[in-house]
Amino acid sequence: MKRGYRHIKTRLAVIGAGIAGFAASIFALEKAIPVVQLGHTGAIAYTTGYLDLFGVSEAGIIDDPWAGLEQLRRTEPEHPLSRLANEDILTAFEIFTTVLSKMGIGYTVPGSENLHGLLPAGLIKPTLSVPATMLSGIKAMRRNEKTLIIDFEGLAGFSALEFKANFAGKWDQISTHKMSFPGLPSGQAYAETMARAIEVADTRQQLAEKIIQAVNGEKYVGLPAMLGMHEPDEVHADLERLTGLEIFEIPTIPPAVPGIRLREMFERVLPARGLVLEPQLKVKHVDFADQKVHLFLSGPLEDLEVEAETVILATGRFLSGGLNAGRNGLDENLLDLHVSQPPTRNDWYRLDYMDRRGHAINRAGIETDIDMRPLDVNGRPYSDRLFAAGAILAHQDWVRQRCGAGLAIATAYQAVEAAGRFLHG
Amino acid sequence: MIRTVETQVLIIGAGVTGTGIMRDLALRGIKCLLIDRQDLNAGASGGNHGLLHSGGRYASSDTETAAECRHESDLLKRLAPQCIDDCGGMFVAVDGDDPEFAENFPEACAKAGIECESLSIAEAKSREPQLSDKVFAAYAIPDATVDPFRLTLENVNHSMQLNGSSFMPHMQLTGFEVAQGMIKYANVLDTRNNESIRIAAEQFVNAAGCWAMNIAQMAGCDDVSLVYSKGTLIVSNTRITSGVVNRLRPPGDGDILVPGGTVSLLGTSSLTIDDPDNIHPSIDEVDRILSEGEAMLPVLGSSRFIRAFCGVRPLIRSAGSASDGRKASRGFSLFDHEDQGLGNFVTIAGGKLTTFRLMAEKTGDLVAARLGNDKGCQTATVPLPSGGVVHWSEPGLAARNWCKKADPSDLILCECEMVPQSSVDEILLQAPGAEDHMSLKAIALRSRIGKGACQGAFCSMRVTSYLYDRGVYEDNEGMLMMRDFVNERFKGIRPVLWDRQIPQMELAETLHCGMTGLDLVNKKDEPS
Ligand SMILES: Cc1cc2nc3c(=O)[nH]c(=O)nc-3n(C[C@H](O)[C@H](O)[C@H](O)COP(=O)(O)OP(=O)(O)OC[C@H]3O[C@@H](n4cnc5c(N)ncnc54)[C@H](O)[C@@H]3O)c2cc1C
Ligand SMILES: Cc1cc2nc3c(=O)[nH]c(=O)nc-3n(C[C@H](O)[C@H](O)[C@H](O)COP(=O)(O)OP(=O)(O)OC[C@H]3O[C@@H](n4cnc5c(N)ncnc54)[C@H](O)[C@@H]3O)c2cc1C
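Residues numbered from 1 in each chain as written. Chains lettered and ligands numbered in written order. Predicted model: local features only at pLDDT ≥ 70, side-chain atom pairs only at ≥ 80, totals over all residues. Heavy atoms only, no water.

**Considering the site of ligand 1**
Now for step 1: In the region of ligand 1, 35 residues are neighbours, and His40, Thr48, Lys125, Ser320 and Ala391 of chain A sit closest.
Now for step 2: More than one chain lines the surroundings of ligand 1; the residues nearby belong to chains A and B.
Now for step 3: In the model, an oxygen atom of ligand 1 is placed 3.2 Å from a nitrogen or oxygen of the Ala17 of chain A main chain.
Now for step 4: Side-chain polar atom of Asp52 of chain A to a nitrogen atom of ligand 1: 3.0 Å apart, as the coordinates give it.
Now for step 5: Protein chains bury 97% of the 980 Å² of accessible surface belonging to ligand 1 in isolation.
Now for step 6: When atom positions are compared with the pocket grids, ligand 1 is found to occupy the second largest pocket.
Now for step 7: Secondary structure elements with two or more residues in the shell around ligand 1: α1 (19-30) and α11 (404-424) of chain A together with α15 (501-515) of chain B. (Near = heavy atom within 4 Å. Polar contact = N/O pair within 3.5 Å; in protein donor to acceptor, adjacent residues only side chain to side chain. Areas by Shrake-Rupley, 256 points an atom, 1.4 Å probe, with all protein chains shown as cover. 1 Å grid on protein atoms, 1.4 Å probe; cavity = no way out; pocket = protein on both sides within 12 Å on 5 of 7 lines; lining within 4 Å. Sits in = over half its atoms within 2 Å of the grid points. Helix = DSSP H or I, 4+ residues; strand = E, 2+ residues; numbered from the N terminus.)

So this is what it looks like as structure tokens:
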């Protein structure tokens, strides 16, 4: 069979299918910029589902992320979030969570304070916006409500007893219960399988009955995140109706439902809203000609060439393949962009893994100007048509600072604004 | 009132030497208590190359040590085959190495009684296809590899079965009480709860490896003088050669590649240090080992390494040896301390993993004679029995057993090495040194958990959850133990972080910090 060839023209091409890439596409669609998004989905399936803005500094947990960002602007002026205004970050967050909610996964409205998102092992994560299905757990913990935590036989890595033990002293009114998931054979179980199973009304009914039998005066019930894949809010509401209890989800270790849910929703809903999405292909090569950018991809049956006026690079870090760490240094994989990095391999990591100051390698990355255009060694933009967003950016440590989604959303917003100015200007 | 524990013989140090002495004495009917300030193989016995020396390595410089290795390795191959992979070995010289050294090698081996077969280059390359094109001389010798974890576990297991000798981990020797030329008590600290304990014994054996000099000094003896030589090794994620490959030249960095089950170990560097504690492998050492190793086996340059580790060799100081660890004696010394005015104290120091049995025999002879026991050493004839529960440290065994049993409710906790929860249960119940509040570290020591490609990222979380689920911990103790475990593992991972290990590390950090919050866990008395 002859290999096919396809050619697509667009005004904006987004490379990457993480939060930054999807956020960029969403912002472009909102501004009616024709957009093509390329990239196989990677890290997004790992997330807890929480959208963090800025949760932890070296001094500890941050309650008011907006004041925290003001502080950050003084201590870390190069941090990508330091270079954006609070109003713009808030606008970006609001558009993003509103669109998510409209598309089918309800998210809480970003407020003035961080929420204490629950983690599977019984600690908290300061975060700005959470899936609606997780909210009542945060409330229950804050008010020390009588709560039943349920875990499932066969689901490794989630233990109600662990959750309870680590909340001891802060949230004392927890009881635990282990049950089998209705209709699943005994043995290793996965949250993803449960999430798909519970979309069937009959399974939901059975689970509701088991929950009702398990409660003993508790008004709140926490479950590992598995309340449906496509319509979590409906599944959640129905289970609350069937049980008469306040039910909430707790994130689980990967592969986890909240991330898969986001990915599947993006892939299902965004194309219907006008996005041209090529979700399984990797961009192999990019060519900057005078007036256009050419992106080359090859699929199993055909070659694809995308001709774009502007490009947003949101290819993430090492895990997603945006950056590469050779024995002698770090580089950027697609365009060999200049990577700001520590002088030697010896400086990448500290000796103490859990050092609160974090590791220098996590602050390596692409440097940009205020318009999010990647800069070369001499501080000049690589191209007027190229913008970068998300975890690939230098001078941030999203893991330690709990700012992953916030960084991705806010910088994607800024990048789309700048690309829009270029296109219309 | 301070608690006193009584035993016939107290052995300090649960490495391969201490556990070997324990078994030697138990076979003579003498009851022992073995203590370690940490756990089994916390010292050099857990940080070595695992090469069961044929003696070839020492043939050119030290015929006596070479012959000793030859004899001991033969015995162990027969008596403890379950701990040994008799994979054979090779010495190769590459362009730039001294041709005369290579030429004299067969004769040096012959003097020590080591079989040495000269190989054509083509034959060497057909045995080990990864050898460099620059190899100009090659000899086959009967090297083998030994699993030191298995060996110590089996030693302890057998001793416990023989006569109820016992092992107490986390017991740190802090001093001795001496009266009339005899040690009456050893003072010991239980490092888990800071309880002080006294141990009364008839004989006291110091088998504390590179800490033996400190222990001897605690008893007022200044006759033990050691040089500390740090060695670093790196572990690849696949087995690169079928047998051991040695560089045919005077010992240097990165000149031995030893297979270890499904992986290979390249080493070692040799660095004289002042303090045997708080050591970690450095990036500098790793780079040096690797560039040397590449000369023999170019494939090492593009291999994936999953971990580095280091250990300290306690070498007996002899005249002129202070500055270079490699030139100090590799032999061992037995100190009866009688000229120091003590009648019931012995120190065994130096030596090698390969010669541990002989070291235990010599120590056992002295201790038994002092106790009036004339049963004689049995370890040269009685095979080391293969205990059940110690099996889990063997690579791949967990996977095989799990498939055999195929009980679907037996969840897999470690997916890289296929370790199911039932094997964690077994370790909790029966493994030597198991206690109620077993730490993740202790379980990892007794199993393959944390040794696979994910470097403990996922299994640390799954096993911790499982231990909570079983009610082992009731507060954040399990979380703190998980933090200790991943911190400890990181020391070994850090120097080999490049290429494909970086994404793995990035994911691990995201899971440990973002998903679990380990960077924010506090001990109750720690400031937040
Ligand atoms: C375990 C885990 C838990 C997390 N939990 C949270 C959380 O609780 N809260 C939070 O706010 N954030 C969380 N995050 C972070 C968040 O999901 C994002 O990873 C982060 O915000 C960075 O997003 P990004 O889009 O810049 O990069 P990534 O998410 O890494 O995405 C990069 C994308 O680029 C693609 N790509 C790379 N190279 C190419 C190429 N050549 N061609 C095409 N595509 C390419 C990759 O396939 C990938 O889809 C978590 C992440 C992980 C891994
Ligand atoms: C890098 C390296 C590579 C090597 N490679 C090989 C090889 O390939 N082949 C080979 O044959 N040999 C090899 N060796 C040598 C071999 O590892 C050692 O000779 C052997 O392991 C020594 O065992 P040991 O029991 O005497 O000492 P150790 O294993 O060091 O045991 C001493 C124990 O004493 C304990 N201890 C210390 N202080 C106290 C205290 N105050 N109270 C209680 N306990 C205490 C420690 O925790 C430790 O567990 C190598 C050594 C190194 C360092």
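Next comes the rest of the write-up.
**Structural notes on the sheet that holds strand β8 (residues 174-179) of chain A**
Residues and elements named next belong to chain A.
Now for step 1: Pairing within the open sheet is parallel, and its 4 strands lie in the order β8-β7-β9-β10. Each end of this open sheet is capped by a strand with a single partner; those strands are β8 and β10 (246-250). Sheet twist, expressed as the mean angle between neighbouring strand axes with direction ignored, is 25°.
Now for step 2: Pairing analysis gives 5 bridges linking strand β9 (residues 220-224) to β10, with the strands arranged parallel. Paired with Pro224 across the two strands is Ile250, which belongs to β10. (Pairing = 2+ DSSP bridges. Axes fitted to C-alpha atoms, helices over the stretch in contact; angles between N-to-C directions.)

**What to know about the nonpolar core**
Now for step 1: Of all hydrophobic cores here, the largest spans 207 residues; its most connected members are Phe96, Phe152, Ile211, Leu223, Met226, Phe266 and Leu295 of chain A.
Now for step 2: Looking at which element gives the most residues to this core, the answer is α11 of chain A, with 11 residues.
Now for step 3: A domain split of this core shows at least three residues from each of domain 2 (86-144 + 227-316) and domain 3 (388-525) of chain B.
Now for step 4: Each residue touching Leu295 of chain A, except ones within four places of it in the same chain, is listed here: Ala13, Ile15, Leu38, Val283, His285, Val286, Leu304, Glu305, Val306, Ala308 and Val311 of chain A.
Now for step 5: Counting residues in hydrophobic clusters, the runner-up holds 34 residues, among them Ile215, Val224, Tyr228 and Ile273 of chain B. (Core = buried A, V, L, I, M, F, W, Y, C linked by side-chain atoms within 4.5 Å. Buried < 20%, exposed > 50% of the residue type's maximum accessible area, 1.4 Å probe, protein only. Domains from an automatic or database assignment. Contact = heavy atoms within 4.5 Å.)

**Here's the deal with the state of the cysteines**
Residues and elements named next belong to chain B.
Now for step 1: Summed over the entire model, instances satisfying the criterion amount to 0 disulfides over all chains.
Now for step 2: Free of any disulfide, Cys310 has its nearest cysteine sulfur in Cys210, 11 Å distant.
Now for step 3: A residue is classified by how much of its surface remains accessible, and Cys310, at 16% relative accessible area, is buried. (Disulfide = S-S within 2.5 Å.)

**Considering the packing of aromatic side chains**
Each aromatic ring pair is specified by the distance between its two centres and by the angle formed by the two planes.
Residues and elements named next belong to chain A.
Now for step 1: Applying the stated rule across the entire model yields 15 aromatic pairs over all chains.
Now for step 2: Between Phe163 and Phe167, the ring centres sit 4.9 Å apart and the planes meet at 65°, which makes this aromatic pair edge-to-face. Of this pair, Phe163 and Phe167 are both found in helix α5 (residues 160-167), 4 residues apart, which corresponds to roughly one turn of the helix. Take Phe163 and Phe167: they sit in the same class, and that class is buried.
Now for step 3: Plain terms: the ring middles of Phe167 and Trp171 are 5.3 Å apart, the flat faces sit at 65° to each other, and that makes the pair edge-to-face. (Phe/Tyr/Trp six-rings, centres within 6.5 Å; stacked < 30°, edge-to-face > 60°.)

**What about helix α2 (residues 65-75) of chain A?**
Residues and elements named next belong to chain A.
Now for step 1: Among all positions of α2, only Pro65, Trp66, Gly68, Leu69, Leu72 and Arg73 are buried. Projected onto a plane normal to the axis of α2, the buried residues spread over an arc of 150° and lie on a single side. Opposite the buried face of α2, by more than 90 degrees, sit the exposed residues Arg74 and Thr75.
Now for step 2: On its buried face, α2 sits against α3 (86-103) and α10 (398-401).
Now for step 3: By the N-cap criterion, in which a side-chain oxygen at the helix start approaches the backbone nitrogen of a residue two or three places on, α2 is capped by Asp64, the distance to Trp66 being 2.9 Å. (Arc of directions from axis to C-beta.)

**Considering the environment of Ala140 of chain A**
Now for step 1: As for its placement among the helices and strands, Ala140 of chain A is situated in helix α4 (residues 135-142).
Now for step 2: Apart from residues lying up to four places away in sequence, Ala140 of chain A is in contact with Glu145, Thr147, Trp171 and Tyr220 of chain A.

**Remarks on the sheet that holds strand β13 (residues 195-200) of chain B**
Residue and element names in this part refer to chain B.
Now for step 1: Reading across the sheet, the 4 strands line up as β1-β13-β12-β11 and stay open at both edges, with mixed pairing between neighbours. Each of the sheet's edge strands pairs with one partner strand only, and the pair in question is β1 (3-6) and β11 (171-179). In this sheet, neighbouring strand axes are inclined to one another by 30° on average, regardless of whether the strands run parallel or antiparallel.

**Observations concerning the site of ligand 2**
Residue and element names in this part refer to chain B.
Now for step 1: Around ligand 2 lies a shell of 34 residues, among which Thr17, Asp36, Ser45, Leu51 and Thr354 are the nearest.
Now for step 2: Contacts to ligand 2 include Asn48, whose side-chain N or O atom sits 3.4 Å from an oxygen atom.
Now for step 3: In the complex, 97% of the free accessible area of ligand 2, which totals 1,000 Å², lies under the protein chains.
Now for step 4: Those elements giving two or more residues to the shell around ligand 2 turn out to be α1 (16-27), β11 and β20 (305-316).
Now for step 5: Within the shell around ligand 2, the residues separate by chemical class into 14 nonpolar, 16 polar and 4 charged.
Now for step 6: Split by domain, the residues of the shell around ligand 2 number at least three in each of domain 1 (3-44 + 149-225 + 330-370) and domain 2 (86-144 + 227-316). (Nonpolar A, V, L, I, M, F, W, Y, C, P; charged D, E, K, R; others polar.)

**Re the pairing of strand β1 (residues 4-15) of chain A**
All names here are of chain A.
Now for step 1: Inspection of the sheet shows β1 paired to strand β14 (residues 302-313) by 11 bridges, in the parallel sense. Bridge assignment links Ile8 to a residue of β14, and that residue is Val306.
Now for step 2: As defined by bridge partners, β1 adjoins strand β2 (residues 35-38) across 4 bridges and the pair is classed as parallel. Bridging from a neighbouring strand, Val14 pairs with Gln37 of β2.

**Quick notes on the interface of chain B and chain A**
Now for step 1: With 53 residues of chain B in contact, the opposing surface of chain A contributes 52 residues.
Now for step 2: In total, about 4,700 Å² of surface goes out of reach between chain B and chain A, with carbon and sulfur atoms giving 59% of it.
Now for step 3: Counting the surface chain B buries against chain A, the share from its top three residues, Glu506, Glu509 and Met515 of chain B, is 15%.
Now for step 4: Put simply, chain B and chain A have 7 salt bridges between them.
Now for step 5: With its nearest N and O atoms 3.9 Å apart, the salt bridge here joins Arg327 of chain A to Glu294 of chain B.
Now for step 6: The interface formed by chain B and chain A includes 22 residue pairs in polar contact (both at pLDDT 80 or more).
Now for step 7: Elements that contribute at least two residues to the side of chain B that touches chain A include exactly α8 (283-296), α13 (457-469), α14 (477-493) and α15 of chain B.
Now for step 8: Split into classes, the residues belonging to the side of chain B that touches chain A amount to 26 nonpolar, 14 polar and 13 charged. (Buried area = accessible area lost by both parts, 1.4 Å probe. Salt bridge = Lys/Arg side-chain N within 4 Å of Asp/Glu carboxyl O.)

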